[in-house]
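# Fold and geometry: a report
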Amino acid sequence: MYDFVVVGVGPAGARFARRAAQQGYDVIAFEQGDLGTPLACSGHVSLDVWEFVPDEHHDALFQNDIRGARFHLGGADSSAHPFYKSTPISNAIDRVHLDEVLAEAARDAGADVREHHTVTDVTEHRDRVTVTARGPDDSIDVTAKMVAGSDGPRSRVRDALSLPEPDEFLHGALAFDPDPDHQDFVDVHLTVPGFFAWRIPRGDAGVEYGLAAAPGEDVAGRFDDLVADYGVDVEHRCSGLIPIGPPDTVTSHRGFLLGDAAGQTKPFTGGGIRYGMTAADAAARELDPDRPGTLAGYERAWRDALEREITLGHLVRAGYSMPTPIQSAGLRLFSGEIAVDMDKPTSLFSLDQARALLR
């Protein structure tokens, strides 16, 4: 009998497995393939992410400092509205290696992390959960006191526990130009209905191009137009779903969701690495596997930490669909030096940001 079985070892699942194991709980975690693959997430992260990563791995993960963003209402050659700081505001990192590092940290803490194990069945009972996973050689059955579903937008655990889906799913696409680029600005194009396209310089690792749009949009065609506009050849194309908007509940009697499975993402960028790991810390802090009632504490804790940021993030995203003249006026008004945290829309209304705006 394990205390926790974790399904999905991305950043949120790995973080929870590590923190729960550090508290002395017996944890087993399953990842269906190789850690970090297939890649379906940008490697552009806030500096806060380093708080969750063992210090010795910084240099291996780091690719480039980002100091600001240029916002465009047109294509590659359109005029830009720069938003920036005098010091780095974010980093480009090796996104695949991040998953490997976080999973290894979970192993070091005592969690049993198993790659190439696909979960095929999850059943919730009054006093336990049972999970079947198909490994390289055979299937195994695991019994645990609680199950954590951190298995992505199309979560098998979420379906098995009859939990609701996130409010919305966007379709994202990205690819890479291998030519090195050490610029310290990303480019953001508000040319995609309801969302945006991006260009992220990654130092010696090249450049990441991507976009996201609602289902039904021609994402592949729009992406081809983006890279053609920049005149580049890209490789390693990836695509995936981006959940936006957490459902009313992410907990059942003996199960809970983390990360993309729970819709714990930023509505204005689709990123969920820091939000998912923040929720994982809340789960590890609140949950007692012998007391199912503590799941209510997790539900409150992660919403207390993230709900306000998510609500304001929806308001920021609404600006992407404003008429072009309003967008242009807003970008002109707010462009320049900023005091904003890319993970915290509440920082838009901070005293530091008000001072920056006045300057």
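Look up: the structure comes first, before these words.
Keep in mind the model is a prediction, meaning the values are calculated, not measured.

### Here's the deal with the overall build of the protein chain
Along its length, the protein chain carries nine helices and 18 strands. Rg of the C-alpha trace for the protein chain: 20 Å, near the compact-globule value of 21 Å for 359 residues, within the 12% margin. Judged by the C-alpha coordinates and their principal axes, the protein chain covers about 60 × 40 × 40 Å. Accessible area for the protein chain stands at about 15400 Å²; split by element, carbon and sulfur atoms hold 48% of it.

### Here's the deal with helix α6 (residues 273-286)
Between its first and last C-alpha, α6 extends 20 Å over 14 residues, near the 20 Å set by a 1.5 Å rise per residue. Within α6, 12 of the 14 residues are buried, which leaves it mostly tucked inside the rest of the structure. When α6 is considered as a whole, its buried residues turn out to be Ile273, Arg274, Tyr275, Gly276, Met277, Thr278, Ala279, Ala280, Asp281, Ala282, Ala283 and Ala284. Where α6 is buried, its residues contact α1 (11-22), β3 (44-46), α3 (95-109), β17 (255-257) and α7 (295-318).

### So, the side chain of Thr294
For Thr294, the location among the structural elements is in the loop between α6 and α7. Leaving out residues up to four positions away in the same chain, Thr294 has contacts with Met146, Glu286, Leu287 and Asp288.

### Quick notes on the packing of aromatic side chains
This structure, assessed with the given rule, holds 12 aromatic pairs. On the numbers, 6.4 Å between centres and 90° between planes, the contact of Phe4 with Phe256 is edge-to-face. Pair noted here: Phe4 is in strand β1 (residues 2-7) and Phe256 is in strand β17, with a separation of 252 residues, a long-range link. Here Phe4 matches Phe256 in class, with each residue buried.

### Observations concerning unusual backbone geometry
The backbone of His116 sits at a positive phi, close to 55°, despite the residue not being glycine. When you line up the elements, His116 lands in the loop between β8 (112-114) and β9 (118-124). Judged by its relative accessible area of 38%, His116 is partly exposed. Residues other than glycine seldom take positive phi values, yet His236 does so here, at roughly 55°. Relative to the helices and strands, His236 resides in strand β16 (residues 235-244). Given the relative accessible area of 57%, His236 is considered exposed.

### Overview of the packing of α1 against α3
Following both chains from N to C, one finds α1 and α3 inclined at 15°, their axes separated by 8 Å at the closest point. With respect to α3, the element α1 is oriented roughly parallel. In this structure, α1 crosses over α3, and the sense of that crossing is left-handed. Along its contact with α1, which presents Pro11, Ala14, Ala17, Arg18, Ala21 and Gln22, the element α3 presents Arg95, Leu98, Asp99, Leu102, Ala103, Ala105, Ala106 and Ala109. Among the residues forming the contact of α1 with α3, the class breakdown is 10 nonpolar, one polar and three charged.

### Notes on helix α8 (residues 324-334)
In an α-helix there are 3.6 residues to a turn, and that puts residues three or four apart on one side. Looking at α8, one finds that the buried residues are Gln327, Ser328 and Leu331. For α8, the angular spread of buried residues about the axis comes to 100°, placing them on one side. Among the exposed residues of α8, those oriented more than 90 degrees off its buried face are Pro325 and Leu333.

Each value, and the rule that gives it
Each chain carries its own residue numbering, running from 1 in the written order of its sequence. Reporting of local features is limited, given that this is a predicted model, to residues whose pLDDT is at least 70; pairs of side-chain atoms are given and counted only at 80 or more, and all residues count toward the totals for whole chains, interfaces and linings. Where side-chain values are given, they derive from all heavy atoms of the structure, hydrogens and water being excluded. In this text, helices come from DSSP runs of H or I with a minimum length of four residues, and strands from runs of E with a minimum of two, each type numbered from the N-terminal end. When we talk radius of gyration, it's over C-alpha atoms, and the globule rule is simply 2.2 Å times the number of residues to the 0.38. Throughout, the Shrake-Rupley method with a 1.4 Å probe supplies accessible areas, and for residues the shown protein chains are the sole cover considered. To estimate how far a helix should reach, multiply one less than its number of residues by 1.5 Å. Categorising residues by exposure relies on relative accessible area from a 1.4 Å probe, with only protein chains included: less than 20% of the type maximum marks a residue as buried, more than 50% marks it as exposed, and the intermediate range marks it as partly exposed. Contact definition: two residues touch when any of their heavy atoms are within 4.5 Å. Two rings from Phe, Tyr or Trp (for Trp, the six-membered ring) form a pair when their centres are within 6.5 Å of each other. A pair whose planes differ by under 30 degrees is stacked, one over 60 is edge-to-face, and the rest are tilted. The axes are straight lines fitted to the C-alpha atoms, using for helices just the contacting stretch, and the angles between their N-to-C directions are given from 0 to 180°. Orientation labels follow simple angle bins: below 35 degrees gives roughly parallel, above 145 gives roughly antiparallel, 65 to 115 gives roughly perpendicular, and whatever is left gives oblique. Should the near helix be turned anticlockwise from the far one by less than a right angle, the crossing is left-handed, and should it be turned clockwise, the crossing is right-handed. Gly falls in the polar group here, along with every residue not listed as nonpolar (Ala, Val, Leu, Ile, Met, Phe, Trp, Tyr, Cys, Pro) or charged (Asp, Glu, Lys, Arg). In this description, one arc is meant: the one made by directions from the helix axis to the C-beta atoms.

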